[in-house]
Amino acid sequence: MNTLFSRTLKEKTNQYFKETLQKKTGNRRIFIKASILLLTFVLLYSLLVFVQPHWAISVILCLLFGVNLAAIGFNIMHDAGHNSFSENKRINTLLSYSLNLLGGNIYFWKLKHNIAHHTYTNIDGEDHDIEVKFMRIHHDQKLRKHHRYQRFYFPLLYGISYLAWIFYQDYEKYFRQRMGHSTEKFHFPLREKVIFWTSKLFHLGLFIILPVLIAGWLPTLIGLVIAGAVCGMSLATVFQLAHVVSETTFKTIEESKVEEEWMIHQIQSTANFSTQSKILTWILGGLNYQVEHHLFPKISHVHYPALNRIVRQTCQEYNIKYNEFRSFWAAFRSHIQVIHAMSR
């Protein structure tokens, strides 16, 4: 039945694109959105560094800058990193490096996200996205004393996650050449090592050295912390609401070896939230439609609302539970339940 479900879903999806004469990659809307987000990046950065308005206005601009950084990741880097932004592979490659502009590393991200997370979603030891330091979110993870307080300190961890990622975890991966402590070493070409250091130095100059020289070290530090915290909270929350909620499953590697069950596993381990909100869908690059994204990672997020109807109908046809929360807050409450349950 599982194989039949997957085949049916793929056929229906292919038929949709055939009938509508659309490409599976992004369309004009995604290029317009990317242009808006990149221009907003330049505008906010210029105002904060070169204009330096009143501190109260600067704080608001830093908050918006943090949202903008996350939105660039959701809308541009994410689709480009999956080669779904454009039919042109060079455009995908170029735009995927927007992650490096934000301080990350696209080579590491593809290993961690495209391969590990999308293949072994919610499986401890394989999906490194559920390996959150100082937190327990999978029943196979060892329960430690400090986990009993994780429902109180998780906002702090989410808030510092982006800054910890770009200023510590990337370097940790670089020098040990492993995605996780227990995983095998990955191949790291010389070209990627050069790109790593070049982009890290560029990011350091753009986000720290230049602002310190022009605006001073204290405004730079405060601005970086505010924007970084907003970006980190946004990135972490969207991921957690998509996978770490009470309705999704957390399996062991032995339970998920059968290849033809891959689509079933993605539906079981993923959830949508607030899909009726056009504003949230625009900002999040369709990542509130996580079920559709995990089923079809090589299809651009501009098509997720249409695919949502096809996937729902097919799940109903084969009596497969489809996880979706009507609102952001309903998903957030469910996430809190998991955090609390895993603390005991």
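Everything in this summary refers to the structure shown in the same document.

## Remarks on helix α7 (residues 150-176)
Taking 1.5 Å of rise per residue, 27 residues should cover 39 Å, yet α7 covers just 28 Å from first to last C-alpha, more than 12% shy of that figure. A164 marks the point of greatest bend in α7, at about 55°. Residue Q177 follows α7 closely and has a positive phi angle near 50°.

## Quick look at the packing of helix α3 (residues 55-81) against helix α4 (residues 89-96)
In contact at an axis separation of 8 Å, α3 and α4 are set at 130° when each is read in the N-to-C sense. Between α3 and α4, the angle falls in the class oblique. Of the two possible hands of crossing, α3 and α4 adopt the one that is left-handed. The residues of α4 that touch α3, namely those facing I76, M77, A80 and G81, are N92, L95 and S96. Residues that form the contact of α3 with α4 fall into these classes: four nonpolar, three polar and no charged.

## A word on the pattern of salt bridges
Using the criterion set out here, one finds seven salt bridges in the structure. Across the salt bridge formed by K12 and E317, the nearest N and O atoms sit 2.6 Å from each other. Note that K12 is positioned in helix α1 (residues 2-20) and E317 in helix α13 (residues 304-317), a separation of 305 residues in sequence. Taking relative accessible area as the criterion, K12 reaches 24% and is therefore assigned partly exposed. Between R176 and E172 there is a salt bridge whose closest N-O contact spans 3.3 Å. With R176 and E172 both in helix α7 and four residues apart, the pair spans about one turn of that helix.

## Focus on a nonpolar patch on the surface
Taken together, the side chains of F50, V51, F167, L201, L204, I209, L213 and I214 make up a nonpolar region of the molecular surface, amounting to roughly 760 Å² of accessible area. Elements that contribute at least two residues to the nonpolar patch include exactly α2 (28-51) and α8 (190-215). Among the elements that take part in the nonpolar patch, α8 stands out by supplying five residues, more than any other. Structurally, L213 is set in helix α8.

## Considerations on empty space enclosed by the protein
Overall, the coordinates contain one cavity of 30 Å³ or more when judged by the stated rule. Estimated volume of the largest cavity: approximately 40 Å³. Every residue along the wall of the largest cavity is listed here: F65, L69, Y162, I166, H203, F207, L224, A227 and G228. Listed by contribution, the elements that provide at least two residues to the lining of the largest cavity are α3, α7, α8 and α9 (217-243). A breakdown of the residues in the lining of the largest cavity according to their chemical character gives seven nonpolar, two polar and no charged.

Rules behind the numbers
- Residues numbered from 1 in each chain as written.
- Predicted model: local features only at pLDDT ≥ 70, side-chain atom pairs only at ≥ 80, totals over all residues.
- Heavy atoms only, no water.
- Helix = DSSP H or I, 4+ residues; strand = E, 2+ residues; numbered from the N terminus.
- Expected span 1.5 Å × (residues − 1).
- Bend = angle between axes of the 7 residues up to and from the residue.
- Axes fitted to C-alpha atoms, helices over the stretch in contact; angles between N-to-C directions.
- Parallel < 35°, antiparallel > 145°, perpendicular 65-115°, else oblique.
- Left-handed = near helix turned anticlockwise from the far one by under 90°.
- Contact = heavy atoms within 4.5 Å.
- Nonpolar A, V, L, I, M, F, W, Y, C, P; charged D, E, K, R; others polar.
- Salt bridge = Lys/Arg side-chain N within 4 Å of Asp/Glu carboxyl O.
- Buried < 20%, exposed > 50% of the residue type's maximum accessible area, 1.4 Å probe, protein only.
- Patch = residues over 30% accessible without salt bridge, like charges linked within 9 Å, V, L, I, M, F, W, Y side chains within 5 Å.
- Areas by Shrake-Rupley, 256 points an atom, 1.4 Å probe, with all protein chains shown as cover.
- 1 Å grid on protein atoms, 1.4 Å probe; cavity = no way out; pocket = protein on both sides within 12 Å on 5 of 7 lines; lining within 4 Å.
- Points joined across faces, edges and corners; volume = space filled by probe spheres on them.

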